[in-house]
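Structure assessment
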Amino acid sequence: MSNKFVVGADVGGTAVKWIAGTDPATPEFSGEIPTCPNNIEATFQSLVDVVRSETDRTVDLFGLACAGVFDPVTSILCGSPNLPGWQGKNIQQFAESAFPGAAVTVTNDVNAALVGEWMFGAGRGYDNLAMIALGTGVGGALIVNGQLISGSYNGAGEFGHMVIERNGLECACGSKGCLEAYTGARGIVQRSNSDLTVADLFKKADAGDKEAIDLFRETGEYLAIGVGNLINIINPDLVIIGGGVARAGDLILKPCIQDVSKYILASIKPEDVVVPAKLGVNAAAIGVAVMARGNS
Ligand SMILES: [Zn+2]
């Protein structure tokens, strides 16, 4: 293993999770800073400051994962509603200025999380993987025959926007009935008809509140439609369920696994295929650091 020093950072709508070290599997440093969704310069400066407060080592490689679609030809980030000030910007250039001299790799956050899970987490040892990341929105990523699938304009894996209900709930993307509109945090809160956050709703369900438990069961049942579609189309070894909402665990996963069989042709055991992510909040930062090493 090379001893190049790598920084991996995962920029979400509210926080940047970062790791640094020579081996992404066991980073020497890690942390979290707030994202300035409207100020790209300030966010990069905070990241540089926090890394520099920990170490003065030369950064050889910098991997950056962002929510949204990153166009590798123009280096522009688009389709990222949670990072309004970042949209349309040349992210690669900002990343190169942050750590001068470092070789930069930029990718989508869920692609990075799936690479992390593939190397060190739930997907270790498999070559056909799909990931669904349940956060505020719902992202996805795909590895087929050992290759991360990017599609013709790097937009592959947007599983959150597969339509599972005709004329269904409105989605942030402008369409109706998307998987995201039912299984993303925003959609879950909307279906709860309350002012509570998803975290509040977890607590209620954990405390045995029937309405909250039913809400997550229904979320799992909607998720099963999306997972079933993926299994029929891709025939993956695993569908890895990650993201903050997936912390609801069995409240969502059990009903999902129970329902998946209704939608799939293959005679598989859904409980062997639909699995939770393992790496936790640093999955994308670790994954993009791995990608940066692979590109060096
Ligand atoms: Zn949508």
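Residues numbered from 1 in each chain as written. Predicted model: local features only at pLDDT ≥ 70, side-chain atom pairs only at ≥ 80, totals over all residues.

Here we take up helix H2 (residues 91-98). Along an α-helix, residues three or four positions apart point the same way, because every turn accommodates 3.6 residues. The complete set of buried residues in H2 reads Ile91, Ala95 and Ala98. Buried positions in H2, seen along its axis, are confined to an arc of 55 degrees and lie on one side of it. Exposed and facing more than 90 degrees away from the buried side of H2 are Gln93 and Ser97. Looking at the buried positions of H2, the neighbouring elements they touch are helix H1 (40-54), strand S4 (61-66), strand S5 (69-71), strand S6 (76-78) and strand S7 (103-108). (Buried ≥ 20, exposed ≤ 12 C-beta atoms within 10 Å, placed from the backbone. Helix = DSSP H or I, 4+ residues; strand = E, 2+ residues; numbered from the N terminus. Arc of directions from axis to C-beta. Contact = placed C-beta atoms within 7 Å.)

Further remarks concern the domain arrangement of the protein chain. Domain parsing of the protein chain yields domain 1 (6-112 + 282-295) and domain 2 (125-278). Look at where the C-alpha atoms of domain 1 and domain 2 centre, and you get two points 26 Å apart. Elements supplying a minimum of two residues to the side of domain 1 that touches domain 2: S5 and helix H3 (109-120). When grouped by side-chain class, the residues that make up the side of domain 1 that touches domain 2 number six nonpolar, three polar and two charged. (Domains from an automatic or database assignment. Nonpolar A, V, L, I, M, F, W, Y, C, P; charged D, E, K, R; others polar.)

Turning our eyes to something else, we now look at the environment of Ala130. Topologically, Ala130 is positioned in strand S8 (residues 129-134). Using a count of 29 C-beta atoms within 10 Å as the deciding quantity, one classes Ala130 as buried. The contacts of Ala130, once residues within four sequence positions are left out, are Gly140, Leu142, Leu230, Ile234, Pro236 and Val239.

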